Amino acid sequence: MVNTLPQPEVKPGIKAPAKETVLTPRFYTTDFEAAASLDLSAQEKELQAMLAEMRADYNRHHFVRDEEFEQSWEHIDGEARRAFIEYLERSCISEFSGFLLFKELSRKLKQRSPLLAEIFQLMARDEARHAGFLNKAMGDFKLSLDLGEVTKVRTYTFFPLEWVLYTVYLSEKIGYWRYIIIYHHLQKHSEHQFYPIFRKFESWCQDENRHGDIFKALLRSQPQLWNNWRSRLWSRFFLLSVFATHTLTVHERASFYHLLGLEPTEFDQQVVRNTNETAGRAFPVMLNTEHPHFFPRLQNCSNYNLKIAEISRSSSNKVVKFIRKLPLITAILWNLLLVYLIKPIDTEVLRGTVR
Ligand SMILES: [Fe+2]
Ligand SMILES: [Fe+2]
């Protein structure tokens, strides 16, 4: 399922891409034949409306580096600089991953599904802007990613189309909530607005919201993705995977959130709650985030993950490290299993009733 190519050589001013782990954003490929054969008739009207919105291109003039960017950023130094560059890199890779997948889908569907091909092409346009804007921000810190090189050397993971529909939907919606929560927080606490990119997040997140709505229409056009027990189990699985990854990465990068004046645990929980609530409109279930064990168990996973990271940084040899990590990995999996087993909320029953 996974192909790995040789590592890139390091060039001056070009940042060597961060090491890939289970938690780093990945590049995906999928079953293009299945995508071309999708019967979209159940959501044709919604998709045509989304296409019209995408064509309108509301953010055409949004991603402009105005004069606020034109200054030296040397005063952001030490740990703050490292944490911020890491945030920019991770965000850039994740936007670029969306670009590559959408571009490829658009190319492969051109002949057989022109409606989808155009939608994917317009989503690729947005993601290219987002990735490019983040990469230019990295340039302000005298580093940038060679995205052409990254395309060649990164691992591509194959996901069946159904998994792509669930996970991209969730990643667009969680992206929306992450951007908008940071934006609103900085509106209220401008003393933490240490770099102008955050001012761009309000309109930026609307792109992600639209992308999410397109994936919602695709999901709802396929009844087998929400009207049976298997789809309920998959939905729970993907919701939990995306939320657990979020909790772990936010706590791993706590110093970045402190820079913004955000409390990492609070930020994480707010993002997870909102994304879960939103996902209830597309998925047959949502998770019970208010269950007394839900967040505490995710927090346990995050604490174990931080211990694992500490072991990785230690000087012990590989075997010793692995033996020390094993009980922690088991504890993470056990906690995730217990969260998975918390009874979810049936959203199909709620649908149609006023919430
Ligand atoms: Fe994006
Ligand atoms: Fe997006």
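Note that the structure is predicted; figures quoted are calculated from it, not measured. (Residues numbered from 1 in each chain as written. Chains lettered and ligands numbered in written order. Predicted model: local features only at pLDDT ≥ 70, side-chain atom pairs only at ≥ 80, totals over all residues.)

What to know about the overall build of the protein
For step 1, the next point in the chain: Within the protein, the secondary structure is distributed over 13 helices and five strands.
For step 2, the next point in the chain: Radius of gyration (C-alpha) of the protein: 21 Å, near the 20 Å computed for a compact globule of 355 residues.
For step 3, the next point in the chain: Along the first, second and third principal axes, the C-alpha set of the protein runs to 55 × 50 × 45 Å.
For step 4, the next point in the chain: Sorting the 355 residues of the protein into buried and exposed places 35% on the buried side.
For step 5, the next point in the chain: For the protein, restricting intrachain contacts to residue pairs at least 6 apart in sequence, the fraction spanning at least 24 positions comes to 81%. (Helix = DSSP H or I, 4+ residues; strand = E, 2+ residues; numbered from the N terminus. Rg over C-alpha atoms; globule rule 2.2 N^0.38 Å. Buried ≥ 20, exposed ≤ 12 C-beta atoms within 10 Å, placed from the backbone. Contact = placed C-beta atoms within 7 Å.)

Brief notes about the nonpolar core
For step 1, the next point in the chain: Formed by 73 residues in total, the largest nonpolar core has its most connected members in Ile 119, Phe 120, Leu 165, Tyr 169, Leu 170 and Leu 239.
For step 2, the next point in the chain: Ranked by residue count, the leading element in this core is helix 3 (residues 78-109), at 12 residues.
For step 3, the next point in the chain: Not counting chain neighbours up to four residues away, the residues in contact with Tyr 169 comprise Gly 212, Phe 215, Lys 216, Leu 219 and Ala 282. (Core = buried A, V, L, I, M, F, W, Y, C linked by C-beta atoms within 7 Å.)

Details of the confidence of the model for the protein
For step 1, the next point in the chain: When the pLDDT values of the protein are averaged, the result is 93; 94% of them are 70 or greater.
For step 2, the next point in the chain: Considering only residues more than four positions removed or in separate chains, one finds that residues 1-8, a stretch of pLDDT under 50, has 13 contacts. (pLDDT = per-residue confidence, 0-100.)

Some words on the environment of Lys 216
For step 1, the next point in the chain: Mapped onto the elements, Lys 216 comes out in helix 7 (residues 201-220).
For step 2, the next point in the chain: The class for Lys 216 is buried, based on 22 C-beta atoms found within 10 Å.
For step 3, the next point in the chain: For the pair Lys 216 and Asp 268, spaced 52 residues apart in sequence, the C-alpha separation works out to 23 Å.

Side note on the packing of helix 8 (residues 229-252) against helix 11 (residues 294-313)
For step 1, the next point in the chain: Where helix 8 meets helix 11, the closest approach of the two axes is 9 Å, and the angle between their N-to-C directions is 50 degrees. For the element pair helix 8 / helix 11, the angle class is oblique. For the element pair helix 8 and helix 11, the recorded crossing hand is right-handed. Residue-level contacts link Phe 243, Ala 244, Thr 247, Leu 248, His 251 and Glu 252 of helix 8 to Leu 298, Cys 301, Ser 302, Asn 305, Leu 306 and Ala 309 of helix 11.
For step 2, the next point in the chain: Grouping the constituent residues of the contact of helix 8 with helix 11 by class yields seven nonpolar, four polar and one charged. (Axes fitted to C-alpha atoms, helices over the stretch in contact; angles between N-to-C directions. Parallel < 35°, antiparallel > 145°, perpendicular 65-115°, else oblique. Left-handed = near helix turned anticlockwise from the far one by under 90°. Nonpolar A, V, L, I, M, F, W, Y, C, P; charged D, E, K, R; others polar.)

Here's the deal with helix 11
For step 1, the next point in the chain: With 20 residues, helix 11 ought to run about 28 Å at 1.5 Å a step, and its terminal C-alpha atoms sit 29 Å apart, in line with that.
For step 2, the next point in the chain: Every buried residue of helix 11 is accounted for by Phe 294, Arg 297, Leu 298, Cys 301, Ser 302, Tyr 304 and Asn 305. All buried residues of helix 11 lie within an arc of 165 degrees about the axis, which places them on one face of the element. Pointing more than 90 degrees away from the buried face of helix 11 are the exposed residues Pro 296, Glu 310 and Arg 313.
For step 3, the next point in the chain: Buried residues along helix 11 sit in contact with helix 8 and helix 12 (318-340). (Expected span 1.5 Å × (residues − 1). Arc of directions from axis to C-beta.)

Some thoughts on the UniProt feature "domain: Rubrerythrin diiron-binding" (unreviewed entry) in the protein
For step 1, the next point in the chain: Mapped onto this numbering, the UniProt entry gives "domain: Rubrerythrin diiron-binding" (unreviewed entry) at residues 86-219.
For step 2, the next point in the chain: Each end of residues 86-219 is marked by a C-alpha atom, and these two atoms are 33 Å apart; helix forms 78% of the span and strand 3%. (UniProt positions renumbered as here; feature names shortened; annotations may be inferred.)

Some words on the packing of helix 8 against helix 12
For step 1, the next point in the chain: Interhelical geometry of helix 8 versus helix 12 gives an angle of 135 degrees and a closest axis separation of 10 Å. It follows that helix 8 is oblique to helix 12 by the angle criterion. For the element pair helix 8 and helix 12, the recorded crossing hand is right-handed. Seen from helix 8, the contacting residues are Arg 236, Leu 240 and Ala 244; seen from helix 12, they are Leu 336, Val 339 and Tyr 340.
For step 2, the next point in the chain: Of the residues in the contact of helix 8 with helix 12, the class split is five nonpolar, no polar and one charged.

Here we look at the environment of Arg 125
For step 1, the next point in the chain: Along the chain, the position of Arg 125 falls in helix 4 (residues 114-139).
For step 2, the next point in the chain: On the basis of neighbour count, Arg 125 is assigned to the partly exposed category, with 19 C-beta atoms found within 10 Å.

Re unusual backbone geometry
For step 1, the next point in the chain: The phi dihedral of Asp 57 falls on the positive side, at around 50 degrees, and the residue is not glycine.
For step 2, the next point in the chain: Examined against the element boundaries, Asp 57 turns out to sit in the loop between helix 2 (44-56) and helix 3.
For step 3, the next point in the chain: A positive phi angle, near 60 degrees, is found at Lys 142, a position not held by glycine.
For step 4, the next point in the chain: Looking at where Lys 142 falls in the secondary structure, it is placed in the loop between helix 4 and helix 5 (147-153).

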